[in-house]
Each structure stands twice: as structure tokens, then as C-alpha cells.
Amino acid sequence: MTDTVTDRTDSGTAGRPAAAAEVELTANQYGKAGNHVVRITRDADRGAGARHRIEDLVVTSQLRGDFEAAHTEGDNAHVVATDTQKNTVFAFAREGIDTPEQFLLRLGRHFTESFGWVTGGRWAAEQTLWARINDHDHAFYKAGPETRTAVVVKDGDTETVIAGFHGLTVLKSTESGFVGYPRDRYTTLAETTDRILATDLATRWRYNTTEVDYDATYAAVRETILATFAAGYSKALQHTLFQMAESVITANPTIDEIKFSCPNNHHFLSDLSFCGLDNPNVVYHAADRPYGLIEATIARKGAPSAEAAWVGIAGFC
Ligand SMILES: O=c1[nH]c(=O)c2[nH]c(=O)[nH]c2[nH]1
């Protein structure tokens, strides 16, 4: 469908009830989602044989500020078009992306500095990670397994940066148990001190500053989470999430808060007695549903909270 420019100023009340209830706009934000930007950076010195670097982000830009008249009057004088926001994302990528967090900070500062009525907004990115095929200069495979995420929320001069990832699936084949839970007439689960613990890690952490080496901290947090998952004995997925969070906050003074949302990818011991076989923790049924869903937020004690920055980040408690 194409936009046509027609004068419809006479249709102001058409279709509206004669006696409308008194209402007011209590919240709004708007922009363009799903801007899939891929940037190739070439090692300039090597001409046609250059070594390439690839950055692959899906970016959302949303503005907040004085957009009252657009909603109540249909007056678009303040509405920086979502199309313009999309164009800005791609134009900024021409200059460079660097880290997702820095790219989003640049976008946020641009919109708030360029348009007086834009007092803040929300900029988010999901980054696909690519790795070189056999150290090739310009051939890559999707490295994952995780997707890196970043969110910048700007409210006046306050900038909050939330980093994270999802889709990092982990499993430990022992050193995990689940005992001591209440039993009632609906409880059938057997206690165990030796089970498989598996989950798809989804996490977001909030920085207390924008002065961060974002790539290095991302790598360090990922490493800490994996090392903590692997280490020691897990008394429940809840226990493990807390330990991972505690390790991250302890090791990173720039991080004040971290959230996890993790399925418990159950592995149930198969009952092989139907054919006379025992099963001493050898064969499991990996059930994909229903699954436990364990979520937690862990914060540095005494650190200021930033509830507003988390609004709109779905799937975490
Ligand atoms: O780590 C676990 N936490 C639970 O809350 C729970 N509930 C359950 O049935 N199995 C498990 N495992």
C-alpha cells in the first residue's frame, strides 16, 4: 500500500461517539522495530583481498517526549517519522557500529539532541554472532549459539544500559539434585540427588554507568555464568541462577542488577522395567513440555533500582 497525501481535515469527528468519555493519554512511545542492519568492515590496507568483519543487528528505535497533539489532535508536527528513525539507524551504521550498546547510545543522543521535544526513548538491539570459517577472511558461519542483546533507555539526562543474551543452552549431567520440597496429594516427583540439569540461559544485566568496555564485559559475564553453572552442586535451578548472579555482580563493579529467565529442560529417567532392564542414571527422556520456568532478579544490595528502565523488556520478572 502506498501513502497518498489527501486533505482529510474535514473528517475530524467522523466515526467518533457523540458524547465521548473523558480520557487522557497516559503513556506512549513509538518508532521502528526490526531494522536488520548488516555492516561489513574491510581492512583498508589489503584491497580486494581484505579481511572482513561482520556486524549483524536487529535494531528497534522508539521515541518518548511530547507527542500529545499527535494522539489527541492528529497534529504530526512533533512526529519524527518511524521511516526517518529507520533511515537514521542505517545511516549511523555507515559511520560504524562498534558495540551494540555504543550504537544505541549514539542513536539515543542523536534523537534527543536533534528534536527538543524528544525527552527520551528506548533503543534495543539483538545481535547475531558470526564466526570465521577456518579463519577465512570473508566467509562466516552463524556462531551463536546465543543472541546478544542490548537496550538503552534514556530519560532526560539519565541513560540506562541493559545488556544480555538469550539462547545459550547448557547442561550438566550430574552434580545436580532436587530434594526437600513439600509433598501433598498431588506430588509424584521423586527426590533425587543426581539428575541432569539443563536450561536455555536468558539473562539481562544492568550497568550503573555508561563508561564500560561493553565487549570485554560481555565476554567476562558470559564466561562467569558458564563457569558458575559448571562448578559445584546445584540444589535447584533457582539455586544455580542465584549463584550465577552473585558471581557476575561480585566480579563486575559496573553491574548492579541481573535477571534470568530460564526453562528447566527436564530429563526424566526412563523406566525400562517393562523389558526387565534396570536404569542406573543412563537413559533419559528429554521432555520438551511442560517445562519449569524459573525467573529471578538479583541486585547489588543498596544500589539504586531502575524499575522504569526494565519496562518493555518482556519475559523477565
Ligand atoms: O530445579 C528445580 N526447581 C524447581 O522448582 C522444580 N520443580 C520441579 O518439579 N523440579 C524442579 N527443579
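Here's a quick rundown of the structure. (Residues numbered from 1 in each chain as written. Predicted model: local features only at pLDDT ≥ 70, side-chain atom pairs only at ≥ 80, totals over all residues. Heavy atoms only, no water.)

Right, let's talk about the overall build of the protein chain for a bit. Helices and strands together make up the secondary structure of the protein chain, namely six helices and twelve strands. Dimensions along the principal axes, computed over C-alpha positions, put the protein chain at roughly 80 × 70 × 45 Å. Residues counted as buried form 38% of the 317 residues belonging to the protein chain. Total accessible area on the protein chain stands at roughly 18,200 Å², and carbon and sulfur atoms take up 52% of it. Distance between charge centroids for the protein chain: 3 Å, based on 30 positive and 42 negative side chains. (Helix = DSSP H or I, 4+ residues; strand = E, 2+ residues; numbered from the N terminus. Buried < 20%, exposed > 50% of the residue type's maximum accessible area, 1.4 Å probe, protein only. Areas by Shrake-Rupley, 256 points an atom, 1.4 Å probe, with all protein chains shown as cover. Lys, Arg positive; Asp, Glu negative; His and termini not counted. Charge placed at Lys NZ, Arg CZ, Asp CG, Glu CD.)

Moving on, we come to the environment of V151. Inspection of the secondary structure puts V151 in strand 6 (residues 147–155). Residues V151 and D66, 85 residues apart in the sequence, show an inter-C-alpha distance of 22 Å. Residue contacts for V151: discarding those within four places in its chain leaves L104, R122, W123, A124, T160, V161, I162, R204 and I313. (Contact = heavy atoms within 4.5 Å.)

To continue, consider the nonpolar core. Formed by 48 residues in total, the largest nonpolar core has its most connected members in V59, F103, L107, W205, I225 and I258. Element by element, the count of residues in this core is highest for helix 5 (residues 237–251), at six residues. Residue contributions to this core reach at least three from each of two domains, namely domain 1 (28–156) and domain 2 (157–317). Among the nonpolar cores identified, the runner-up in size contains ten residues, and A124, I162, W310 and F316 belong to it. (Core = buried A, V, L, I, M, F, W, Y, C linked by side-chain atoms within 4.5 Å. Domains from an automatic or database assignment.)

Once that is clear, we can look at the site of the ligand. Inspection of the region around the ligand gives F178, L189, R195, A236, L237, Q238 and N264 as its neighbouring residues. R195 places a polar side-chain atom, nitrogen or oxygen, 2.8 Å from an oxygen atom of the ligand. The side chain of Q238 places a nitrogen or oxygen atom 2.9 Å from a nitrogen atom of the ligand. Its free accessible area being 290 Å², the ligand has 73% of it covered by the protein chains. (Near = heavy atom within 4 Å. Polar contact = N/O pair within 3.5 Å; in protein donor to acceptor, adjacent residues only side chain to side chain.)

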